[in-house]
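The residues making up each chain are set out below.
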Amino acid sequence: MLVALMLAIQRGPLGTVVLVAAAPPAWRVPEFILSLTAASESTRRAYRTDVCQFCEWASRAGLDAPSDVDRRRLRRYIAFLSVRGLTQRSVARKASALRRYFGWLVRDGAVEVDPALGLAAPAGSGRLPRVLGAAEVSEMLGDGAVPPDPTEMRDRLVLELLYGSGLRVAELCGLDRGAVEPPSTHIEVIGKGAKPRRVPLSEPSVALLAAWRDGGSDEFDAQRLRQGADRDPVALLVNLRGNRLGTRDVQRVLDHYADTPTHPHALRHTYATHLLDGGADLRVVQELLGHQRLATTQIYTRVSRERLREVYESAHPRA
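Residues numbered from 1 in each chain as written. Predicted model: local features only at pLDDT ≥ 70, side-chain atom pairs only at ≥ 80, totals over all residues. Heavy atoms only, no water.

1. Let's talk about the overall build of the protein chain
Where we set the bar: Strands are runs of DSSP state E lasting at least two residues, helices are runs of H or I lasting at least four, and both sets are numbered from the N terminus onward. Each residue is placed in one exposure class: buried if its accessible area under a 1.4 Å probe, protein chains only, is under 20% of its type's maximum, exposed if it is over 50%, and partly exposed if it falls in between. Every accessible area reported is derived by Shrake-Rupley at a probe size of 1.4 Å, with residue values counting cover from the shown protein chains alone.
The secondary structure content of the protein chain amounts to 13 helices and four strands. Counting across all 319 residues of the protein chain, residues that qualify as buried make up 42%. Total accessible area on the protein chain stands at roughly 17,200 Å², and carbon and sulfur atoms take up 53% of it.

Here it is in structure tokens:
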């Protein structure tokens, strides 16, 4: 029997409003999302979309509840995604979401047998993250001096924390005023899974943070906040509306200072790769990035090898 799906409003990664299918109650998707207490907001949003898309497909196939799903149906769904032209990386992510979803259903007693256990999916595409060159980084970050303009001071601090400390955008936006106490050269951030970690600050970041705390933030509030806006009293960095800086705000900063289109996460990639290029130990980089698994960090060793090969081929006369 075909079950009609409702539409729900959801915020996209840059604050855009998108419509996503909302699964019927029997599929218990909202409860599953609430169970992901250690996941980031972006992960929960992606899992909701992925699971709801499967529920829509399953409903069209005449499946009314999770208990109707078997392994054969899941394999057929993965094949369906592949022929639709999705990248291997996207299909692998959706398969991961389904394994997590059905694992939760088993633990909760909603289904007896996990049909997604060991569900095979194509490996990721292996696409290497973009790494900025030294010249690009220097051009973007400037000479490290503290600018007198409060908006530029905030923007430079954003860029320095992304590259100088390798912060994720969510970690940057989540910083509170008490995250660093002068004269400390480290900052406390809350990473994925709500796990705190202590990260070193670059010298320009230390100077910018000191200037921001010693008057730059107050000057920004007085000069830049829109009339009548109430400032978030806890957030370290805010936008013109006084709200905690968001992903879209950070992207605007990159768009203003980068010569070519650059995603904020590219600065984190660059941070890790430059550390390895400089001889840093892989496990040290893992700790700095807050990766739970060493395998996640190892992609940057591949990036370093690829960069070395490019340098060799461009510079050696017999390459």
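2. With respect to the packing of helix α5 (residues 134-141) against helix α6 (residues 150-164)
Put simply, the test is: Note on geometry: axes are lines fitted to C-alpha atoms, helical ones only across the stretch in contact, with angles between N-to-C directions running from 0 to 180 degrees. Roughly parallel refers to an angle under 35 degrees, roughly antiparallel to one over 145, roughly perpendicular to one between 65 and 115, and oblique to any angle outside these ranges. In what follows, residue pairs with any heavy atoms lying within 4.5 Å of each other are defined as contacts. Charged residues are taken to be Asp, Glu, Lys and Arg, nonpolar residues to be Ala, Val, Leu, Ile, Met, Phe, Trp, Tyr, Cys and Pro, and polar residues to be all remaining types, Gly included.
In contact at an axis separation of 10 Å, α5 and α6 are set at 150 degrees when each is read in the N-to-C sense. Taken together, the axes of α5 and α6 lie roughly antiparallel to each other. Packed against α5, whose contacting residues are Val 137, Met 140 and Leu 141, the element α6 presents Arg 156, Leu 159, Glu 160 and Tyr 163 at the interface. Residue composition of the contact of α5 with α6, grouped by class: five nonpolar, no polar and two charged.

3. Quick word on the pattern of salt bridges
Side-chain pairs of opposite charge can arise where the charged atoms are in close proximity. Selection criterion: Salt-bridge detection follows one rule: a side-chain nitrogen of Lys or Arg within 4 Å of a carboxyl oxygen of Asp or Glu.
Across all of its chains, the model carries 16 salt bridges by this definition. The partner of Arg 60 in a salt bridge is Glu 56, and the shortest N-O contact between them spans 2.7 Å. Taken as a pair, Arg 60 and Glu 56 lie in helix α2 (residues 41-60) at a separation of four residues, close to a single helical turn. For Arg 60, a relative accessible area of 62% gives the class exposed. Residue Glu 56 is classed as partly exposed on the basis of its relative accessible area of 23%. Asp 249 is the salt-bridge partner of Arg 252, the closest N and O atoms lying 3.2 Å from each other. A residue pair is termed a helical-turn pair when its members lie 3 or 4 positions apart in one helix, as Arg 252 and Asp 249 do in helix α9 (residues 247-257) at three residues. A relative accessible area of 46% means that Arg 252 is categorised as partly exposed. Residue Asp 249 is classed as buried on the basis of its relative accessible area of 12%. Bridged by salt links that share partners, the residues Arg 28, Glu 31 and Asp 108 form one connected network.

4. Section: the nonpolar core
The line we're drawing: In plain words, nonpolar cores are sets of buried Ala, Val, Leu, Ile, Met, Phe, Trp, Tyr and Cys residues tied together by side-chain atoms within 4.5 Å.
Ranked by size, the top nonpolar core spans 38 residues in total, and within it Leu 172, Leu 175 and Val 250 carry the most contacts. Listed by contribution, the elements that provide at least two residues to this core are α5, α6, α7 (169-173), β3 (186-190), α8 (203-224), α9 and α10 (264-277). Ranked by residues supplied to this core, first place goes to α6 with six residues. Counting 31 residues, the second-largest nonpolar core is a separate cluster that includes Ala 23, Leu 74, Leu 98 and Trp 104.

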